[in-house]
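# Structural characterization, general
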Amino acid sequence: MKKIILASNSPRRRELLKQGGIPFMVNPSQIEEQINTVDPEMAVKELSYLKCEDIYKKETGDVVVIGADTVVVSNGNILGKPTSKKDAVKMLQNLQGREHEVYTGVTIMVRRGEENIKKIFHEKTKVVFYPMTEAEITDYVETLEPMDKAGAYGIQGKSAIFIKEIYGDYNNVVGLPLARLYQELKNMGIESREW
């Protein structure tokens, strides 16, 4: 089995890889996450690629590097991580009572001897929020849970009580489409589970 590196410091992505029994090490990319397009598919693919490439270039020998990036899209607008509590409140006001999409881009780079292989893909999941009162939004933001999450919420956390419906891969909303990742690794000839 090759060395697998997650180019992310996200505790949610680490938890998902552990859940799937995929052995990995963490070496988070330090690149600045700057979105240069209004197309969410292109944005998450580009950012996942840049994160993955950053770590891939620093590694030697046979290696598998996984980079990922997640954004929330509401009314055609890309929502990254909130920059302040006020920003988080604004995002949640925009999301409450309606449907939005969550995009996660994933890049896999593999080095086998002289061979270099790259795979880039994305997944999209639709999420519907129940209506939220201003007090619910403010109280949720005060927990600080939204502050490091795209769209200002974590579906696996306290905001779960506001989620009405989900269409697609739940894990994609958490931050990593685990099943699709496993299938892509398998298709690349990489044995990635320990059980």
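The following paragraphs examine the structure supplied in this document.

The rules behind the values
- Residues numbered from 1 in each chain as written.
- Predicted model: local features only at pLDDT ≥ 70, side-chain atom pairs only at ≥ 80, totals over all residues.
- Heavy atoms only, no water.
- Helix = DSSP H or I, 4+ residues; strand = E, 2+ residues; numbered from the N terminus.
- Rg over C-alpha atoms; globule rule 2.2 N^0.38 Å.
- Buried < 20%, exposed > 50% of the residue type's maximum accessible area, 1.4 Å probe, protein only.
- Contact = heavy atoms within 4.5 Å.
- Areas by Shrake-Rupley, 256 points an atom, 1.4 Å probe, with all protein chains shown as cover.
- Lys, Arg positive; Asp, Glu negative; His and termini not counted.
- Charge placed at Lys NZ, Arg CZ, Asp CG, Glu CD.
- Axes fitted to C-alpha atoms, helices over the stretch in contact; angles between N-to-C directions.
- Parallel < 35°, antiparallel > 145°, perpendicular 65-115°, else oblique.
- Left-handed = near helix turned anticlockwise from the far one by under 90°.
- Nonpolar A, V, L, I, M, F, W, Y, C, P; charged D, E, K, R; others polar.

Within the protein chain, the secondary structure is distributed over six helices and seven strands. Start at the N end of the protein chain and walk to the C end: the helices and strands fall as β-α-β-α-β-β-α-β-β-α-β-α-α. Against the globule reference of 16 Å for 195 residues, the protein chain gives a C-alpha radius of gyration of 17 Å, in line with a compact fold. Taken along the three principal axes of its C-alpha coordinates, the protein chain extends 55 × 35 × 25 Å. Going through the 195 residues of the protein chain one by one, you find that 47% of them count as buried. Considering only residue pairs separated by 6 or more positions, the protein chain has 69% of its internal contacts joining residues 24 or more positions apart. For the protein chain, the accessible surface area stands at approximately 9600 Å², while carbon and sulfur atoms represent 48% of it. One way to put it: in the protein chain the 27 positive side-chain charges average out to a point 2 Å from where the 28 negative ones average out.

All right, on to the packing of helix α3 (residues 85-95) against helix α4 (residues 134-142) then. For the pair α3 and α4, interaxial distance at closest approach is 10 Å and the crossing angle is 135°. Relative to α4, the element α3 lies oblique. For α3 against α4, the interelement crossing comes out right-handed. Of α4, the residues touching α3 (which contributes Lys85, Ala88, Val89, Leu92 and Gln93) are Glu134, Ile137, Tyr140, Val141 and Glu142. Classifying every residue of the contact of α3 with α4 by side-chain character gives six nonpolar, one polar and three charged.

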